[in-house]
Structures are given as structure tokens and as C-alpha cells.
Amino acid sequence: MSLIERCAWSGHFDEFVATPDRTLFSHLTRFVREREELQLGAWRDSLAAMQQEAGNCIRSLPAAAGFGAVLEYKLSVDRLRRPDVVVLENGSVIVLEFKSTSHVRQADLDQVMGYARDLAGYHEASHDRTVIPVLIPMKIRGSRFRLGSTWVCPPSEISALLLDIAKNSKVGRANIDTWVGSAFVPLPKLVETARAIFERAPLPFIRRVAEAGIPALMDRLLAVCKDASQSRSRHLVLLAGVPGSGKTLAGLQLVHHEGLDGLVTAGSAKRAIAPSVFLSGNGPLVNVLRYGLGSKVFITDIWTYLRRNLDEGAPAPREHVVVFDEAQRAWDNQKVFESHDSLLGNRSEPQLLLEACGRVPDWCVLVGLFGDGQEIHSGEEGGVGLWVKALSQAPAGSWIVHGPERWKTAFESAGVPYEASSQLDLNTSLRSHLARGSAEWASLVMSGNFDKARRLSGEQLEGYPIYVTRDLEAAKAYVRGRYEGEEAGFRWGLLASAKARNLLQFGVKNDWMSTKNVNHGAWYNDEPTSPKSCCQMEAVVTEFGCQGLELDLPVVCWGDDLVWDGKTWTSDAKPSKGVRDGLRLRMNAYRVLLTRGRDGLCIFVPAEPKANMDRNYAALVEAGATPLSPDRSEPAEVFSGVTVPGPD
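Nothing here was measured: the structure is a model prediction, and the numbers come from that model.

**Quick notes on the overall build of the chain**
Step number 1: Counting secondary structure elements, the chain contains 25 helices and 23 strands.
Step number 2: With 648 residues in all, the chain has 58% of them scored as buried.
Step number 3: Expressed as a percentage of contacts within the chain between residues at least 6 apart in sequence, the contacts between residues at least 24 apart total 74%.
Step number 4: Carbon together with sulfur atoms contributes 50% to the accessible area of the chain, which is approximately 26,000 Å² in total.

Below is the structure:
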């Protein structure tokens, strides 16, 4: 993308002040192609205020003539994320967002803070600089003040704020052209990542992926595949991790990695591609990827694979590398027997997979992707124990097992040789740089450790807001406002537990028939204006429809199936047939629901049944969730006496 395509206009303050406002306005309308009078009027007002304040800066500090101004900088190619103005001065990157209001909305605060966090986390030229969010309600008067990490500033205070910030900086000013042209590489969503891999397009180098060890992990997985090919051996790799840590990303990369192209295919005298396959028993994930990619060959349903390769007389499987997603949800033998009318015998999914992969000629690598604490269905409670049992019953020495250190004792106690590696235990969420710690926060909430959860939310989740409200319409209004003007490319929607019985009366359609009819492919992929899109906030997806997937900002509707009694979580929800520990599955369901967000999380706790829901609401507030208050709509005079010291 050329510089002119990255922003509407950029230049130094002296150029900005000297450029006629009609010229700047022409740049804005041509870049954004905006024709609505409301937006055009807002631009006229904000340009006039910004030019006046830039002139004030120069008059007070002549060196400010060299400050940089960037108008409508496009944070990424495919999303309408454009801060109104970015100021580059004395080492700081200051993000200014203008709103034509006399009050402060929480959604506006979070929007400008999100811009700042994205620049700090993903924009190469901003990594080592202080990025400061500033919200400017155009009709507010009085002194500037701070709400959290965001400055709220009347238009007349912009120059004073910029100069105060400049006084305290010891870093050189960024070059405007270098800054505008710098790489901005956010972690792509799952479908975007899959498409890039599918098309063999190079994925951008992503800072947090490197920090979390994904490149080193890929090297290790490819080394196992190479060793298996050369030594004609079979390997089971157990890759575990917290929600959003990159397990599925790693699995997708592996099965379509060009590093497999040089491996010797069984029965071939020449070096060729080692066939591979990505398997999932997660129906919604399969539908979403197929819908988004427009292809059914990229991902295979687990049962299609097993029936094809275990039928009597079936030819030997051709795939040497097999990745099984959501391996922690593997079914036990009873669930398999009942669900498939005994056609596959009395064997668990791990047994069936090991048997199928054992038929692959010469060598095979089976990779199981394990999500921590995400068993949510009957027949899934065996977890890693099912794999231990399946391997203990396999012929001695037939499989070499690799996995996290924490499972070493379980396998070796069953007589299964085990190679432990810390690289196979991913403990950092990659969904968003904002979401670091969100999985740990959810785990602390589920364990009842609210004090630690509250401390974590303050220390690690700044910029990843977690709100709680008793008003569903307030939650919807907040989420819509959060992405107002930048809807394309973002997704938000309603999530709820499948077992909650009290949500229907509050307009949350989590009943079996309603959720059964959701088209998950369209729900996640369609544009916000589509009637099938999650952004309409009509159709509801449960824990079964969102596991392994994500939204930018979900509204989690907390029901009566998991209740805090003052000491521990309890559940009186009727468990499904065959469930051994219904409470554990309920807690896992909410763990899944609470870890689906990239930009933040909003939790709706209904009013009834009153005693139970009041306790749940109080528990979430104690754990650090912020009550979602109405917009700050007080008259501007309320703020006029607030005096806040200059920036640190």
C-alpha cells in the first residue's frame, strides 16, 4: 500500500496550518468517499479546531512546527479502522478521536483506546514509543481530565495537552513517511489465516506469534515429521494450550506447510508431497471454515475420515500427517457406540484414530490439539486419559509419544514411552494483544479466586475491557457504538450457555430449536448488514457453536445454570445422558464462553431469578468486571472544575 493509500493526508504542523481547509477536506472525502452530511459536518468542525490548535502549538513552541499530523490513518487494509488524527511529536504517538457530542460514551473511550493499543501492539514504528489515546467531544467545555489511560479533552485544550506531553518526552520524533509506511500486522482471524495457508500465501511475521513460540513449535513439528519419514516410525504429538494460544493456527499451518513437500511418500521412488489432513469433530468450526473459504476439501470431519479408513476392505489411508483438532473432546467408547449404532464397535475415538493411522504405510504423525478445560459434552470427560488408555492397549513400541511435561507421569505410569517438551504447552493467548491474560482471568473466575482475578484485570487486561450489565439492550448499544463507523471486518454477537433456562424471557434465544437452526458459516462470516450475521444480535450461539472460534466483542449472556452460592459455583442444570460430572461441564462451558473475545467482553446477567442472578452479578464485579454504566450524559459544566495534572 502506498503512502497516499494509508491515510487521507500527512505532513508537519506548519504545513497542516498553511494548507487551506478546503484542500484538506478534499483529501478526506476522496480517501474515505464519504457523502453523508453528518460526517462531512463533523470533519469541517474537527479540521477547524485542529488547525487552530496546531497553530497555537507553533506560537507557544516554534519547534512544534515539526510535529507530524496524519489524518484518517488506515490501521489495516481490510478493516475500516481509522483514527481521526495521529500526532507524532517528541517520541510520542498521540491518537485523537473527535466526536460531535457534549458527553462521554464508554464505547467512544474504548474505541480510541483500542486504536492506541493496536498501534502499540501491531504497528512497527510505534512499538518503542508511548501511544496516548485522546477523546475530544467537540461540545464539551472546561479542563481536560483523564478516565483510565485515556485523556478527555475539550477542543480548546488540545494544544496545551500536546505541549505538556512533549515536555516529558526524551525520545526523538518519528519520521512521518516512515511512520505512515510502517508495517501494521495484527494477528489474522482463523478464517483469514486459513485462507492465506490454503492459497500458500506467506503469513505476515507477527510479533506475538514469535513471542509465544509458534515458529519454534513449527520447527519442532516439522522435525518430528522428517524423523518419522526417515526412520519409518509412527509418532503421536499432543499439543496443549489455553484458549486462543494458536493450537488451531499451528495445526492448519502444519498440514499445508511446504516443509512436508520434500518428505518421501510411501511406495514412491522419488521425493514428493507427504499427504496430510486436518480433522475436526467441531461441526461449527468445519462449517465456518468451509463457508469462509468456499471449499470443502480444506478441513475434514473426523467421522468421514474414520468411516472411510476403517470400513472393511478399505484401502490404506494415504495421509501421513494427520491433525486432530479439539482432541480433549475425543469421545469415549460408550459415546461412540451409541452415536454410531455400533458400526465402529466399542472403541473410543483415540483408539479409532490410532488404528486408522496405524494403517498408513511406513510412517505417520498424528497431532492432537488439546484445549485446556474445554470438555463440554457428554462422552468428552475422559480427556487425555482416553489417549493414555488407547496407547496402553496398542502394540508395544508402535508409537512414540511427545507432549507437555505435565502429562509425562500419566503416560509412563501406563507403560507408554513419552518425550516431554515445553514447546508443546502453549500458555499465551494470541487472539489479540489486548486479550493477554483473558484465559487466566476466566480460569480464576471459575475457581472462585475473585481477588486474584480483579488484580489480573487491572494489571494485564488494560485495553481489554470486561463489562457486566443487567440490561441486555445496554450491552447491545455499547457493542454497536464500539464499532460505529467501522463495522466492516468486525464481528460481535450473543453467546449463551445451552443449559440456561431463564434467558428466553429476556430475549436470548438459546433454546435447542433456535440454536440448531443457526447457520454458523453465515453467522461468523457474513457482513454486519446481513440478516444472518452475528452482528444483528438476534441469533444466539452456545458453547457448542463457538468453541475454537472467536468474535471481536461477544456479549455473553449468563444464565441460571451456573450460580455462585457465596462460596463456590453450583449447578442444578439437568445433565445430559452419560455425563459423570455435570458441574465440571457447566464450568467448562462458561470458560469457553468467556474466552471468545479479541477486543473485550461484555457480560449480561438478567434480573431473574433474583437471588441467584444478584449473587452472580456481585461475583463478576468482585472479579474485576466493570459495571456498564449509562453514557456519561451529564452537562459539560459537571466536568469544568476537574483539574488533572499534566501527563507523567
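**Considering the confidence of the model for the chain**
Step number 1: Averaged over all residues, the pLDDT of the chain is 84; the fraction at 70 or higher stands at 84%.
Step number 2: Overall, residues 374-380 carries pLDDT values under 50, and its contacts beyond four positions in sequence, including any with other chains, amount to 39 contacts.
Step number 3: A low-confidence stretch, residues 632-648 (pLDDT under 50), is modelled with 36 contacts involving residues beyond four sequence positions or located in other chains.

**Observations concerning the packing of helix H10 (residues 214-231) against helix H11 (residues 247-255)**
Two measures define how a pair of helices packs: the angle their axes make with one another and the distance between the axes.
Step number 1: Remark: H10 packs on H11, axes separated minimally by 11 Å, with the N-to-C direction vectors making an angle of 45°. Relative to H11, H10 is oriented oblique. H10 and H11 meet at a crossing whose hand is right-handed. Touching Ile 214, Leu 217, Met 218, Leu 221, Leu 222 and Cys 225 of H10 are Ala 250, Gln 253 and Leu 254, all from H11.
Step number 2: In the contact of H10 with H11, the residues fall into eight nonpolar, one polar and no charged.

**Some thoughts on helix H3 (residues 21-32)**
Structurally, the α-helix is built with 3.6 residues per turn, so residues lying three or four positions apart point the same way.
Step number 1: With twelve residues, H3 should reach 16 Å at 1.5 Å per residue; the first-to-last C-alpha distance of 16 Å fits that figure.
Step number 2: Taken as a whole, H3 has its buried residues at Leu 24, Phe 25, Leu 28, Thr 29, Phe 31 and Val 32. Taken around the axis of H3, the buried residues stretch over an arc of 165°, which confines them to a single face.

**As for the nonpolar core**
Step number 1: Counting residues in hydrophobic clusters, the biggest one holds 95 residues, and the most contacted among them are Trp 441, Trp 558 and Ile 603.
Step number 2: The greatest single-element share of this core, amounting to eight residues, is contributed by H10.
Step number 3: In this view, Trp 441 contacts Ala 453, Leu 456, Ser 457, Leu 461, Ile 466, Leu 594, Leu 601, Ile 603, Ala 623 and Ala 625; residues no more than four positions away in its chain are not counted.

**What about the packing of helix H18 (residues 438-447) against helix H24 (residues 582-593)?**
Step number 1: Between H18 and H24, whose axes approach to 9 Å, the crossing angle comes to 150°. Taken together, the axes of H18 and H24 lie roughly antiparallel to each other. As H18 packs across H24, the resulting crossing turns out to be right-handed. Contacts from Ala 442, Ser 443 and Met 446 in H18 reach Met 587, Tyr 590 and Arg 591 in H24.

**Considerations on the environment of Tyr 467**
Step number 1: Structurally, Tyr 467 can be placed in strand S16 (residues 466-469).
Step number 2: Linking Tyr 467 and Val 555, residues 88 residues apart in sequence, is a C-alpha distance of 9.4 Å.
Step number 3: Beyond its immediate sequence surroundings of up to four residues, Tyr 467 is in contact with Gln 106, Asp 110, Tyr 478, Leu 601, Cys 602, Ile 603, Thr 626 and Leu 628.
Step number 4: For Tyr 467, the side chain forms a polar contact with the side chain of Gln 106, separated by 2.6 Å.

**Notes on the side chain of Glu 72**
Step number 1: Looking at where Glu 72 falls in the secondary structure, it is placed in the loop between strand S2 (68-71) and strand S3 (85-89).
Step number 2: Separated by 2.8 Å, the side chains of Glu 72 and Arg 82 make a polar contact.
Step number 3: Once residues within four sequence positions are removed from consideration, Glu 72 is found in contact with Arg 6, Cys 7, Ala 8, Leu 28, Phe 31, Val 32, Trp 43, Arg 82, Pro 83 and Asp 84.

**Section: the environment of Glu 355**
Step number 1: Relative to the helices and strands, Glu 355 is located in helix H15 (residues 349-358).
Step number 2: Setting aside chain neighbours within four positions, we find Glu 355 in contact with Leu 310 and Arg 347.

**Some thoughts on the sheet that holds strand S4 (residues 92-99)**
Step number 1: Spatial strand order, S1-S2-S3-S4-S5-S7-S6: seven strands in an open sheet with mixed pairing. Two strands in the sheet have a free side with no partner beyond their single neighbour: strand S1 (9-12) and strand S6 (145-147). Recorded for the sheet is a direction-independent mean angle of 25° between the axes of neighbouring strands.
Step number 2: With respect to the sheet, helix H4 (residues 37-60) is in contact with S2, S3 and S4, its orientation differing from that of S4 by roughly 140°.

**Topic: the sheet that holds strand S19 (residues 553-557)**
Step number 1: Taken in spatial order, the six strands line up as S18-S17-S19-S22-S16-S23 in an open sheet, and their pairing is parallel. The open sheet is flanked by strand S18 (540-541) and strand S23 (626-627), the only strands paired with a single partner.
Step number 2: Bridging between S19 and strand S22 (residues 601-604) involves three bridges; their strand directions are parallel. Across the sheet, the residue bridging to Cys 557 is Phe 604, located in S22.
Step number 3: In this fold helix H25 (residues 610-622) packs onto S16, S22 and S23, with an angle of close to 155° to the strand it touches most, S16.

**So, the pairing of S2**
Step number 1: Burial along S2 is two-sided: the face carrying Gly 68 and Val 70 and the face carrying Ala 69 and Leu 71 are both buried.
Step number 2: Both S1 and S2 contribute to a ladder of four bridges, which runs antiparallel. Looking across to S2, one finds that His 12 is bridged to Gly 68.
Step number 3: Sheet topology places S2 next to S3; four bridges connect them, and they run antiparallel. By the bridge assignment for S3, Gly 68 is matched with Leu 88.

**So, the pairing of strand S9 (residues 276-280)**
Step number 1: Taken across its five residues, S9 has four buried, putting it largely inside the fold.
Step number 2: Bridge count between S9 and strand S11 (residues 321-325): five bridges; the pairing is parallel. Among the inter-strand pairings, Val 277 is bridged to a residue of S11, identified as Val 322.
Step number 3: The pairing of S9 with strand S10 (residues 300-301) spans two bridges and is parallel. Pairing of Leu 279 across the sheet is with Thr 300, part of S10.

Quick notes on the rules
- Position labels on residues start from 1 in each chain and follow its written sequence.
- The model is predicted, so local features are restricted to residues of pLDDT at least 70 and side-chain atom pairs to those at 80 or more, both for listing and for counting; the totals for chains, interfaces and linings are taken over all residues.
- Hydrogens and water are ignored here; the side-chain numbers use all heavy atoms of the structure.
- By definition, any uninterrupted DSSP run of H or I lasting at least four residues is a helix, any uninterrupted run of E lasting at least two residues is a strand, and each is numbered from the N terminus.
- Buried residues are those whose accessible area, probed at 1.4 Å on protein chains only, stays under 20% of the maximum for their type, while exposed residues exceed 50% and partly exposed ones sit between those limits.
- Residue contacts are counted whenever heavy atoms from the two residues lie within 4.5 Å of one another.
- For the area figures, the Shrake-Rupley method with a 1.4 Å probe applies, and any residue is considered shielded solely by the protein chains shown.
- Think of pLDDT as the predictor's per-residue confidence, scored from 0 to 100.
- Axis definition: a line fitted to C-alpha atoms, over the contacting stretch in the case of helices. Angles run 0 to 180 degrees between N-to-C directions.
- Angles are sorted into four bins: roughly parallel if under 35 degrees, roughly antiparallel if over 145, roughly perpendicular if 65 to 115, and oblique for all others.
- In this scheme the crossing of two helices becomes right-handed for a clockwise turn of the near helix relative to the far one and left-handed for an anticlockwise turn of less than a right angle.
- All residues other than Ala, Val, Leu, Ile, Met, Phe, Trp, Tyr, Cys, Pro, Asp, Glu, Lys and Arg, Gly among them, are scored as polar; the first ten of these are nonpolar and the last four charged.
- Multiplying 1.5 Å by the helix residue count minus one yields the expected span of that helix.
- The directions considered for the arc run from the helix axis to the C-beta atoms.
- In these notes, a set of buried Ala, Val, Leu, Ile, Met, Phe, Trp, Tyr and Cys residues joined through side-chain atoms within 4.5 Å is what counts as a nonpolar core.
- Whenever a nitrogen or oxygen atom comes within 3.5 Å of another N or O atom, the pair is scored as a polar contact, on the condition that within protein one atom can donate a hydrogen and the other can accept it, and that pairs from neighbouring residues in sequence are kept only if both atoms are in side chains.
- Paired strands, as defined in this entry, are two strands with at least two bridges between them according to DSSP.

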